[in-house]
Amino acid sequence: MPQSERHALVLGGGTMGVGIIAMFLGGGWKVDVVSRSASTRDGLPAATSRALQAMGKSDDVSGLATYATLDEAPWSKIDIVVETVTEDLALKQKIFADLERLSRPGVPLTSNSSSFPISEIGKGLASDIIADELMRAGAHGVLVNLGGDLVFRGRTEDGSGW
């Protein structure tokens, strides 16, 4: 079902996050931002307004909404996710596992990381994603083995356990 409004979710409100938020707002998107820091959330409207002005765009930030946790975000509306949190691999991996759990199928999950390849951030998620997609497609049970990363879903053909 097409949406008239496009929604981006940005994780993190630091320097890179603000630039990405401004890019989406300047392009007519609604932007939802998750930041654990109350002071970052409070400062986002002014910082984003300045970034929009620097881009030569209207400084209207009425399409900006902030949240303290991922669970608060309006997941049914999110069309793309951009992660911009601190360069901590374990943190990014945890966030991407949460994003996979919370987002709708087909929503692009992206990272602005400059320190880690996306394959490292998403390590271990590929098997889960494939298994989930197979189950959504109607499989009653699946076993996915990607180089020893085993994932089981559903039941075996004879109904016994894996």
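Here, the structure is the one placed above.
Cut-offs used in this document
- Residues numbered from 1 in each chain as written.
- Predicted model: local features only at pLDDT ≥ 70, side-chain atom pairs only at ≥ 80, totals over all residues.
- Heavy atoms only, no water.
- Helix = DSSP H or I, 4+ residues; strand = E, 2+ residues; numbered from the N terminus.
- Buried < 20%, exposed > 50% of the residue type's maximum accessible area, 1.4 Å probe, protein only.
- Contact = heavy atoms within 4.5 Å.
- Areas by Shrake-Rupley, 256 points an atom, 1.4 Å probe, with all protein chains shown as cover.
- Lys, Arg positive; Asp, Glu negative; His and termini not counted.
- Charge placed at Lys NZ, Arg CZ, Asp CG, Glu CD.
- Pairing = 2+ DSSP bridges.
- Right-handed = clockwise from strand over helix to strand, strands pointing away.
- Expected span 1.5 Å × (residues − 1).
- Polar contact = N/O pair within 3.5 Å; in protein donor to acceptor, adjacent residues only side chain to side chain.
- Patch = residues over 30% accessible without salt bridge, like charges linked within 9 Å, V, L, I, M, F, W, Y side chains within 5 Å.
- Salt bridge = Lys/Arg side-chain N within 4 Å of Asp/Glu carboxyl O.
- 1 Å grid on protein atoms, 1.4 Å probe; cavity = no way out; pocket = protein on both sides within 12 Å on 5 of 7 lines; lining within 4 Å.
- Points joined across faces, edges and corners; volume = space filled by probe spheres on them.
- Nonpolar A, V, L, I, M, F, W, Y, C, P; charged D, E, K, R; others polar.

Q: Got a sec to walk through the overall build of the protein? Specific residues and values, please.
A: Scanning the protein from N- to C-terminus turns up five helices and seven strands. Projected onto its principal axes, the C-alpha coordinates of the protein cover approximately 60 × 35 × 25 Å. In the protein, buried positions account for 36% of the 162 residues. Considering only intrachain contacts with a sequence separation of at least 6, the fraction spanning at least 24 residues in the protein is 57%. Accessible surface, the protein as shown: approximately 9,000 Å² in total, 54% of it carbon and sulfur. Of the side chains in the protein, 15 bear a positive and 20 a negative charge, and the two mean positions are spaced by 4 Å.

Q: Tell me what's going on with the pairing of strand S1 (residues 7–11), and back it up with residues and numbers.
A: With respect to burial, S1 is a largely interior element, five of its five residues being buried. Bridge analysis of S1 against strand S2 (residues 30–34) gives five bridges, and the strand direction is parallel. What sits directly across from Leu9, in S2, is Asp32. The β-α-β motif built from S1, the intervening helix H1 (residues 15–26) and the parallel element S2 has right-handed crossover chirality.

Q: Break down H1 for me, with residues and values.
A: Note on helix geometry: an α-helix contains 3.6 residues per turn, so any two residues three or four positions apart are oriented the same way. The end-to-end C-alpha distance of H1 is 16 Å, a good match for the 16 Å that twelve residues give at a rise of 1.5 Å each. For H1, the complete set of buried residues consists of Gly17, Val18, Ile20, Ile21, Ala22, Phe24 and Leu25. If you follow the buried residues of H1, they end up packed against S1, S2, helix H2 (38–54), strand S3 (64–67) and strand S4 (78–83). Directly beyond the C-terminal end of H1, a positive phi value near 90° is found at Gly28.

Q: Which residues make up the side chain of Asp98, and what values do they have?
A: Within the secondary structure layout, Asp98 lies in helix H3 (residues 89–102). There is a polar contact of 2.9 Å between the side chain of Asp98 and the side chain of Lys94.

Q: Describe a nonpolar patch on the surface, naming the residues involved and giving the relevant values.
A: A cluster of nonpolar residues, Leu143, Leu150, Phe152 and Trp162, forms a patch on the protein surface that exposes about 410 Å² of accessible area. Mapped onto the elements, Phe152 comes out in strand S7 (residues 149–154).

Q: Before we move on, could you go through the layout of surface pockets and cite the residues and values that matter?
A: A water-sized probe rolled over the atoms picks out the places where empty space is left. Of the pockets and cavities examined, the largest pocket occupies roughly 430 Å³. Lining the largest pocket are 19 residues, with Val34, Arg36, Val85, Leu91 and Ile95 sitting closest to its centre. Ranked by residues supplied to the lining of the largest pocket, first place goes to H3 with six residues. Of the residues belonging to the lining of the largest pocket, the class tally is eight nonpolar, six polar and five charged.

Taken by themselves, the reported measurements are silent on function.
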